[in-house]
Amino acid sequence: MSGITKGLKNESPILSRESIKELVTPQLGDLSHGILWETSENYIGHSGDILGATTYAYYNFNKEIGYILFCNTAGTKTMYKETDKIKSKLKEYYDRLSN
């Protein structure tokens, strides 16, 4: 995410600003999804899960703050319920910092 925000400020040695803008520009009509990234006016992010783990990573590029949450979900029957509670609390804090 750091590389994307640096690229939007023309500070990236790897990707051009135009390439990075393409990554975060919505590609699916009304959905706010760029290429591999969820996007909005204020943030970029990505989430996903595989058997045994779930992750969330979001960054407010205007405020230059973000969060990353990695959860080991092996052996739990209520993975989504448990991680959603953690994610909700973390997002509440993130939103307070973003305002």
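Provided above is the structure to which this section pertains.
Reading the values: the criteria
- Residues numbered from 1 in each chain as written.
- Predicted model: local features only at pLDDT ≥ 70, side-chain atom pairs only at ≥ 80, totals over all residues.
- Heavy atoms only, no water.
- Pairing = 2+ DSSP bridges.
- Helix = DSSP H or I, 4+ residues; strand = E, 2+ residues; numbered from the N terminus.
- Salt bridge = Lys/Arg side-chain N within 4 Å of Asp/Glu carboxyl O.
- Buried < 20%, exposed > 50% of the residue type's maximum accessible area, 1.4 Å probe, protein only.
- Phe/Tyr/Trp six-rings, centres within 6.5 Å; stacked < 30°, edge-to-face > 60°.

Trainee: Which residues make up the sheet that holds strand 1 (residues 38-39), and what values do they have?
Mentor: In any sheet, the strands associate via hydrogen bonds between backbone groups, in a parallel or an antiparallel arrangement. In space, the 4 strands of this open sheet follow the order 1-2-3-4, with antiparallel pairing throughout. Each of the sheet's edge strands pairs with one partner strand only, and the pair in question is strand 1 and strand 4 (65-72). Strand direction decides the pairing type here: strand 3 (residues 53-60) and strand 4, joined by 8 bridges, are antiparallel. Bridging from a neighbouring strand, tyrosine 56 pairs with leucine 69 of strand 4.

Trainee: Let's hear about the pattern of salt bridges: which residues, and what values?
Mentor: Scanning the entire structure with this criterion turns up 1 salt bridge. The partner of lysine 91 in a salt bridge is aspartate 95, with the nearest N and O atoms 2.9 Å apart. Pair noted here: lysine 91 and aspartate 95 are both in helix 3 (residues 79-98), with a separation of 4 residues, about one helical turn. Residue classification places aspartate 95 among the partly exposed positions, given a relative accessible area of 29%.

Trainee: So what about the environment of leucine 51? Which residues, and what values?
Mentor: Here leucine 51 is to be found in the loop between strand 2 (43-50) and strand 3. On the accessibility criterion, leucine 51 (89% relative accessible area) is exposed. Here the alpha-carbon distance between leucine 51 and threonine 73, two residues 22 residues apart in the chain, equals 7.7 Å.

Trainee: Residue-level account of the packing of aromatic side chains, with values.
Mentor: Inspection of the entire model under this criterion finds 3 aromatic pairs. Seen in terms of ring centroids, tyrosine 58 and tyrosine 67 are 5.6 Å apart; in terms of plane orientation they differ by 35°. Their pairing is tilted. Assigned by exposure class, tyrosine 58 and tyrosine 67 land together as buried.

Trainee: Run through unusual backbone geometry, naming residues and quoting values.
Mentor: Residues other than glycine seldom take positive phi values, yet glutamate 64 does so here, at roughly 55°. Inspection of the secondary structure puts glutamate 64 in the loop between strand 3 and strand 4.

Note that every value here comes from positions in space, so none of it alone points to a role or purpose.
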